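Reading the structure
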Amino acid sequence: MTIVVTGGAGFIGSNFIFHMLDKYPDYRIVCIDKLTYAGNLSTLKSIMDNPNFRFVKLDICDREGVYKLFEEEHPDIVVNFAAESHVDRSIEDPGIFLETNIKGTGVLMDASCKYNVKRYHQVSTDEVYGDLPLDRPDLFFTEETPIHTSSPYSSSKAGADLLVMAYHRTYGLPVTISRCSNNYGPYHFPEKLIPLMIANCLYDKPLPVYGEGLNVRDWLYVEDHCKAIDLIIHKGTVGEVYNVGGHNEMRNIDIVKLICKELGKPESLITHVADRKGHDMRYAIDPTKIHNELGWLPETKFEDGIKKTVKWYLENREWWEEIISGEYQNYYKKMYENR
Ligand code: NAD
Ligand code: DAU
């Protein structure tokens, strides 16, 4: 079995590759990644010599390069994690989101059709459903919730999802889509809420909470997401969408306070800054379908997952300090100075 994993030098893709190499010692995993600002080869250093693993630096929009790779590898399965993934960056500069997230997905599916891939899996997001109101805790995103996006990022992911379903109907490409809630865990890029707050706490820097911090996200430990995708690519029904989330809704402000507590830092570091434009209020997944059809349930409780995550960032300072010492400094200044 050969699986092409795109975006494997990023947060969730790398965790997925580790999971797959560990669980399936007879599978070949080929990672293609453009190594954008969010991709780090150092993340994959422990598996670079694994004979079942190959890394190829490649842009998923590079049609010729992708076809050549598929000609060489004849993958059975393609799992597409590669994307521009940060909402704030999409608000500043939407263009690259349309390129990678929509056009890149098209190129991968053309290659999958040409080389008779048995399963094309699109890693999507709950953000395609837009948001839920805070005063309706009875409402959740199901697979039938209409697509209703708020940011250029979520619109580009929704565009890709529509294209995936169109390739299934028009060309018969055997596809599946997973729409997951917010992940957290090791190798999470420091621009995102949880690692940003951990890093800032450790430097005693202000903790920039957007608006009042009342927005709710439904957090899932990254390993549980990887296990869900593993199940879907092996047992999921072709042409179906699966929501992935673990009923773990938390307000941003409570997450930040919890991180302060874990690290023994004062809550006075919290600074309320200008809100994100078009900021989604609440995400909450109904995971009934993946539970009933595939038996998936999240295994890591948030209390344990957040402790493990904080510990990982404490023990792996080299990994994130290297990232935040470079070009990231300019990004941080641009996004947070005078906010
Ligand atoms: P990430 O930003 O950490 O990693 C993205 C990876 O894709 C990087 O390694 C980057 O180099 C690579 N990449 C970007 N453009 C590329 C291109 N044109 N060609 C090849 N590689 C390219 O992202 P992540 O948080 O790991 O998210 C992975 C996927 O999961 C994305 O599709 C995202 O939409 C989806 N998702 C993320 C979350 C979350 O909470 N992080 C939740 C649900 C879904
Ligand atoms: O729901 C899934 C999505 O989760 C994925 O599709 C995205 O790729 C992923 O980035 C994530 O999107 P969010 O926008 O929810 O994640 P982020 O970590 O950027 O922000 C989480 C919440 O914290 C959000 O309400 C904005 C807020 N926030 C974020 C940052 C970076 C702050 O208050 N301050 C910050 O500095």
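Residues numbered from 1 in each chain as written. Chains lettered and ligands numbered in written order. Predicted model: local features only at pLDDT ≥ 70, side-chain atom pairs only at ≥ 80, totals over all residues. Heavy atoms only, no water.

This brings us to the packing of helix H8 (residues 252-263) against helix H10 (residues 302-315). Interaxial distance between H8 and H10 falls to 11 Å at its minimum, and their mutual angle equals 60°. It follows from the interaxial angle that H8 and H10 lie oblique. Here the hand of the crossing between H8 and H10 comes out right-handed. Where H8 approaches H10, its residues Ile255, Leu258, Ile259, Glu262 and Leu263 are matched on the opposing element by Phe302, Ile306, Lys307, Val310 and Leu314. (Axes fitted to C-alpha atoms, helices over the stretch in contact; angles between N-to-C directions. Helix = DSSP H or I, 4+ residues; strand = E, 2+ residues; numbered from the N terminus. Parallel < 35°, antiparallel > 145°, perpendicular 65-115°, else oblique. Left-handed = near helix turned anticlockwise from the far one by under 90°. Contact = heavy atoms within 4.5 Å.)

Below, the discussion takes up the site of ligand 2. Around ligand 2 sit 25 residues in total, of which Asp126, Tyr153, Arg276, His279 and Tyr336 are the nearest. Between Tyr210 and ligand 2, the recorded distance is 2.8 Å, taken from a backbone N or O atom to an oxygen atom. Asn252 has a polar side-chain atom sitting 2.8 Å from an oxygen atom of ligand 2. Counting only elements with at least two residues in the shell around ligand 2, the list comes to helix H6 (193-202) and strand S8 (207-210). Partitioned by chemical class, the residues of the shell around ligand 2 number eleven nonpolar, eight polar and six charged. Taken domain by domain, the makeup of the shell around ligand 2 includes at least three residues from each of domain 1 (2-184 + 220-244) and domain 2 (193-216 + 249-326). (Near = heavy atom within 4 Å. Polar contact = N/O pair within 3.5 Å; in protein donor to acceptor, adjacent residues only side chain to side chain. Nonpolar A, V, L, I, M, F, W, Y, C, P; charged D, E, K, R; others polar. Domains from an automatic or database assignment.)

Turning next to the pattern of salt bridges. Following the criterion strictly, the structure yields 23 salt bridges and no others. With a shortest N-O distance of 2.7 Å, Glu191 and Arg89 are connected by a salt bridge. Highlighted residues: Glu191 in the loop between strand S7 (183-184) and H6 and Arg89 in helix H3 (residues 87-92), separated in sequence by 102 residues. For the residue pair Glu191 and Arg89, the accessibility class agrees, reading buried in each case. The shortest N-O distance in the salt bridge between Lys192 and Glu191 comes to 3.3 Å. Grouping residues by exposure puts Lys192 and Glu191 together as buried. One continuous salt-bridge network, built from bridges that share partners, spans Arg28, Arg54, Lys68, Glu72 and Glu73. (Salt bridge = Lys/Arg side-chain N within 4 Å of Asp/Glu carboxyl O. Buried < 20%, exposed > 50% of the residue type's maximum accessible area, 1.4 Å probe, protein only.)

For the structure shown, the criterion picks out zero disulfides. Cys226 supplies the cysteine sulfur nearest to Cys180, a cysteine that is in no disulfide, at a spacing of 9.2 Å. (Disulfide = S-S within 2.5 Å.)

One open sheet holds the seven strands; their spatial order is S3-S2-S1-S4-S5-S6-S11, and the pairing between them is parallel. Of all strands in the sheet, those bounded by a partner on one side alone are strand S3 (53-57) and strand S11 (241-244). Here the average twist between neighbouring strands, direction ignored, is 20°. Direction of pairing for strand S2 (residues 28-33) relative to S3: parallel, over a ladder of five bridges. Counterpart to Ile32 in the pairing with S3 is Val56. On the sheet, helix H7 (residues 222-235) packs against strand S1 (2-6), strand S4 (77-80), strand S5 (119-125), strand S6 (175-180) and S11 and is oriented at approximately 145° with respect to S5. (Pairing = 2+ DSSP bridges.)

The buried count for S1 comes to five of five residues, which makes it a mostly enclosed element. Burial along S1 is two-sided: the face carrying Thr2, Val4 and Thr6 and the face carrying Ile3 and Val5 are both buried. Bridge analysis of S1 against S2 gives five bridges, and the strand direction is parallel. In the sheet register, Ile3 faces S2, and the bridge partner there is Ile29. Read from S1 through helix H1 (residues 11-23) to S2, the crossover connection turns out right-handed. (Right-handed = clockwise from strand over helix to strand, strands pointing away.)

Taken together, 28 residues form the shell around ligand 1, and within it Ile12, Asp33, Ser85, Tyr153 and Lys157 come nearest. Contact distances for ligand 1 include 3.0 Å between a nitrogen atom and a backbone N or O atom of Lys34. Within the side chain of Asp59, one N or O atom sits 2.8 Å away from a nitrogen atom of ligand 1. Considered on its own, ligand 1 offers 830 Å² of accessible surface; in the complex 96% of this is hidden by protein. Of all elements in the fold, only H1, S5 and helix H5 (152-171) reach the threshold of two or more residues within the shell around ligand 1. No other element matches S5, which puts three residues into the shell around ligand 1. (Areas by Shrake-Rupley, 256 points an atom, 1.4 Å probe, with all protein chains shown as cover.)

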